[in-house]
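Now for the letters of each chain:
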Amino acid sequence: MPSYSEINSKLVEVAVNAGEQVLARRGAMLAYTGDVRFKPTVTAGSGVGGFVGRVVRGENIPMMICEGRGKVLYGALGLHVTHVALSNDQLTVEADKLLCYDGTLQAGTVFLGDKGGFKAVVAGQMTGQGLFTTQLSGSGNAVMLSHGPVFVLDVDGQSKVAVDPQAYVGHTGAIDIKLGASVGWREAVGRGSGEAFQLKLSGSGQVFVQASEERL
Amino acid sequence: MATFELDGSRLLKVRIDGETFKALNGSMVAYDGDVSFKRQGIGGQGGVKGAFKRKLTGESLTLMDVSGTGVVYIANMAMEINLVQLAGERIWVEASNLVALEAKLKTDQKFNGLRGATTGQGLFTTTVHGQGTVALLSDGPAIGLEVDQGTPLNVDPQAYVAHKGQLQQNFVTDVTWRTAIGQSSGESFQLRFQGQGTVYIQPAERDAGIDV
Amino acid sequence: MSIQTYTAQSLPSDDNINAYSFCVDVNGEYFTQRGKMIAYYGQLKFEALTAGSVSSLIASAFSAPLYAHDFIVVTGHGKLILGDRGFDINSYTLQDGNLTVRAPNLLAFDPALALKQSIIPGFLTLLGTGRFLASSNGPVHFIEPPVRVDPQAVVGWSDCPSPCHHYDAAYMKGVIGAAQAFMGLGPSSGEEHQFDFTGAGTVLMQSSETVRESEALVREMESQLGLLGTPSLEHLQDQIQQRLGQQR
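Residues numbered from 1 in each chain as written. Chains lettered and ligands numbered in written order. Predicted model: local features only at pLDDT ≥ 70, side-chain atom pairs only at ≥ 80, totals over all residues.

Caption draft 1: Spatial organisation of the overall build of chain C. Along its length, chain C carries 5 helices and 16 strands. Evaluated residue by residue, chain C yields a buried proportion of 38% over its 248 residues. Counting only contacts in chain C whose residues sit at least 6 apart along the sequence, the fraction spanning at least 24 positions is 76%. (Helix = DSSP H or I, 4+ residues; strand = E, 2+ residues; numbered from the N terminus. Buried ≥ 20, exposed ≤ 12 C-beta atoms within 10 Å, placed from the backbone. Contact = placed C-beta atoms within 7 Å.)

In structure tokens form, the structure reads like this:
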């Protein structure tokens, strides 16, 4: 398995060996040494706006497979990087906040919002963002991106945790997310507190939140 | 009493027990408990007159009331958060640098003298006074600079965050300063502080932060 | 009080106040980039480089006419605090050395150093002995050649030769619409095109920056228009139209 190390708050170095693969968002590779090759690929998922600016609703996210023997430095636009090591675990990350991950992990897409019946609302102007998340499962490394460092919230049976959808980065463990809304007439006409939409979390696990409402 | 605590430098953790505190509209990133949010509209501080004054002064401060029981996490654009304790005095703050304050503190808009039309920041500055904690935002960690008789301080208005004490604030349209200004910066004047007090600045020009 | 507070006397002298700001003890003359002054104590004057009162010795050390507009001379006595877009600021010392740095990231430098324009557009080379300040998007990471770096992640380099452009042909073959991307009609990312560094030296890199409109780069390109004839100019015009049409 490739070895990951956070060089500083914004750069992560991955040492790749023959036979290994690392997948990353296009634009995430900042430098490399050694005999490393990059191959474009697309995921079967979808993303919404942001990131490299080329991803539009419904399109596939352009990804890049890295193979060979050498060291690759990943990062993007001064955003913070957080390394997560999975061991037969599952990590759910907001699609636009995933920088790179090991080829040994299985990736799939989950759309938050189906459960609450708010799909139409979410797709529209109100939240300003869809809630497509990428689910990574198995054993391997992944790196999340965030505007400013992430902080971790523990969720257990006692907590009543709610997260601003734009601040949500990802989660691990057995967490159930429901899109809640306190949409009253005020929110509807833009006079609300701006906290109308919230992700309500229940179950048991950890949530990664960024200290910003900035979309990436 | 609502307790304000920093969790790292960019996150404010406020613990409330059936109380209310005020925060910048939309600055909640997460919470744990039973919490509700209400924008300070007509029903906000100062009633109709207060709301009207805010509109008239062009100050872009929009606060919301956060009430309930639990822990609320407040943040804004991953900016640094700085806590200032007020012991009955008044602090002058750039509206866009205020993120949260205890409900018992009073906010007001004070006329600040004539500023150039280029600032887009209006002629007023927000003030907060009373006893309690104020949370200020800064783009990069804030730096406090003391001013005393004989040692005046000159500040780039885009970097100005807040000030307190017995300070006299002047707008200096120094020709040589204008030479020093880059194209992107809108201000063609400096702020000069004289007297006795402390000025808080941020190590970045407002509205010229890192593009994400 | 959690905010670090200083007086004019207690401010660090020629040192970082925090990672994003630096305090310079000005005593005489000093070059800084426009608009990076946050605050100052004392009596300081800010002058454009072309001003008559600037000594000819100072002016001759500055041999980068395309960038003269971006720098100013600070004179007088006082403590000057510099900051740049919330970027990390670091001070570097050259001992009969050289360092080429991305122009917008060069914050300030000793008049003892000579400043020249690099062959690579958008970069400036500092030579000699003295100190200078450079900013970066996040902490600077030093790496030794051989290495290929995304152009937006390069802050500068020292001692090794200027980099070459590297286009990843193998990658290009696989890209849908490879021809388009290769011609630079789409946004390129570090995977297709990098700066290739070899030799002995150090490369300074950062997490990538959004390519901000660099006035100096525009000026650089404008200055080269004079070298072109009508057919080339018309071709460029087409290219620009296409690019503009693609912007969302």
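Caption draft 2: Representation of the overall build of chain A within the structure. The helix and strand tally for chain A stands at 2 helices and 13 strands. For chain A, restricting intrachain contacts to residue pairs at least 6 apart in sequence, the fraction spanning at least 24 positions comes to 80%.

Caption draft 3: Expanded view of the interface of chain A and chain B. With 27 residues of chain A at the contact, the number on the chain B side is 24 residues. With 3 residues, the single largest contributor to the side of chain A that touches chain B is strand β11 (residues 161–163) of chain A. Its residues placed into classes, the side of chain A that touches chain B shows 12 nonpolar, 9 polar and 6 charged. (Nonpolar A, V, L, I, M, F, W, Y, C, P; charged D, E, K, R; others polar.)

Caption draft 4: Broad picture of the nonpolar core. Counting 166 residues, the largest nonpolar core has Tyr74(A), Val209(A), Leu136(B) and Ile201(B) as the members making the most contacts within it. With residues up to four places along the chain from it excluded, the contact list for Val209(A) reads Val150(A), Phe151(A), Leu153(A), Val163(A), Ala167(A), Tyr168(A), Val169(A), Val29(B) and Ala30(B). (Core = buried A, V, L, I, M, F, W, Y, C linked by C-beta atoms within 7 Å.)

Caption draft 5: Region of interest: the confidence of the model for chain A. Residues and elements named next belong to chain A. The pLDDT averaged across chain A works out to 78; a share of 73% of its residues lies at or above 70. Taken element by element, chain A is modelled with least confidence in helix α1 (residues 119–123), mean pLDDT 40, and with most confidence in strand β2 (residues 11–16), mean pLDDT 96. The low-confidence segment residues 44–59, where pLDDT is below 50, has 37 contacts with residues more than four positions distant or belonging to other chains. Across residues 114–130, where pLDDT falls below 50, the model places 24 contacts with residues more than four positions away in sequence or in other chains. (pLDDT = per-residue confidence, 0-100.)

Caption draft 6: Here's a closer look at the pairing of strand β11 (residues 160–172) of chain B. All names here are of chain B. Sheet topology note: the strand β5 (residues 80–93)/β11 ladder contains 3 bridges and is antiparallel. Residue Val93 lies in a different strand from β11, and its bridge partner there is Ala162. As judged from the 12 bridges shared by β11 and strand β12 (residues 190–201), these two strands associate in the antiparallel manner. Paired with Ala162 across the two strands is Tyr200, which belongs to β12. (Pairing = 2+ DSSP bridges.)

Caption draft 7: Up close: the environment of Ser96(B). Residue and element names in this part refer to chain B. Of note, Ser96 is situated in the loop between β5 and β6 (98–102). Taking the C-beta count within 10 Å as the criterion, Ser96 has 19 such neighbours and is therefore assigned partly exposed. C-alpha of Ser96 to C-alpha of Asp17: the two residues are 79 residues apart in sequence and 28 Å apart in space.

Caption draft 8: Here's a closer look at the environment of Thr100(C). Residues and elements named next belong to chain C. Secondary-structure assignment places Thr100 in strand β7 (residues 88–102). Accessibility expressed as a C-beta count within 10 Å gives 26 for Thr100, which makes it buried. Considering only alpha carbons, one finds Thr100 and Leu126, 26 residues apart in sequence, at a separation of 6.2 Å.

Caption draft 9: Local environment of the pairing of strand β3 (residues 28–39) of chain B. Pairing of β11(A) with β3(B) involves 3 bridges; the strand directions are antiparallel. Looking across to β3(B), one finds that Val163(A) is bridged to Ala30(B). The sheet contact formed by β3(B) and strand β4 (residues 63–74) of chain B spans 11 bridges and is antiparallel. If you follow Asp32(B) over to β4(B), its bridge partner there is Val71(B).

Caption draft 10: Fine view of unusual backbone geometry. Look at the link from Pro145(C) to Pro146(C): it is a cis peptide, with omega at 5°. Relative to the assigned elements, Pro146(C) resides in the loop between β11 (141–143) and β12 (147–149). Phi at Leu77(A) is positive, roughly 45°, even though this residue is not glycine. Here Leu77(A) shows up in the loop between β5 (62–74) and β6 (80–94). Judged by the 23 C-beta atoms lying within 10 Å of it, Leu77(A) falls in the buried class. One non-glycine residue with positive phi stands out, namely Asp14(C), at about 55°. Tracing the chain through its elements places Asp14(C) in the loop between β1 (4–6) and β2 (15–18).

Caption draft 11: Representation of the confidence of the model for chain C. All names here are of chain C. Across chain C, pLDDT averages 82, with 81% of residues at or above 70. Across chain C, the secondary-structure element scoring lowest on mean pLDDT is helix α3 (residues 178–182), at 45, and the one scoring highest is strand β16 (residues 202–205), at 95. Residue range residues 176–187 is modelled with pLDDT below 50. Its contacts to residues more than four positions away, or to other chains, number 14 contacts. Reported confidence for the predicted complex is 0.80 by ipTM and 0.83 by pTM.

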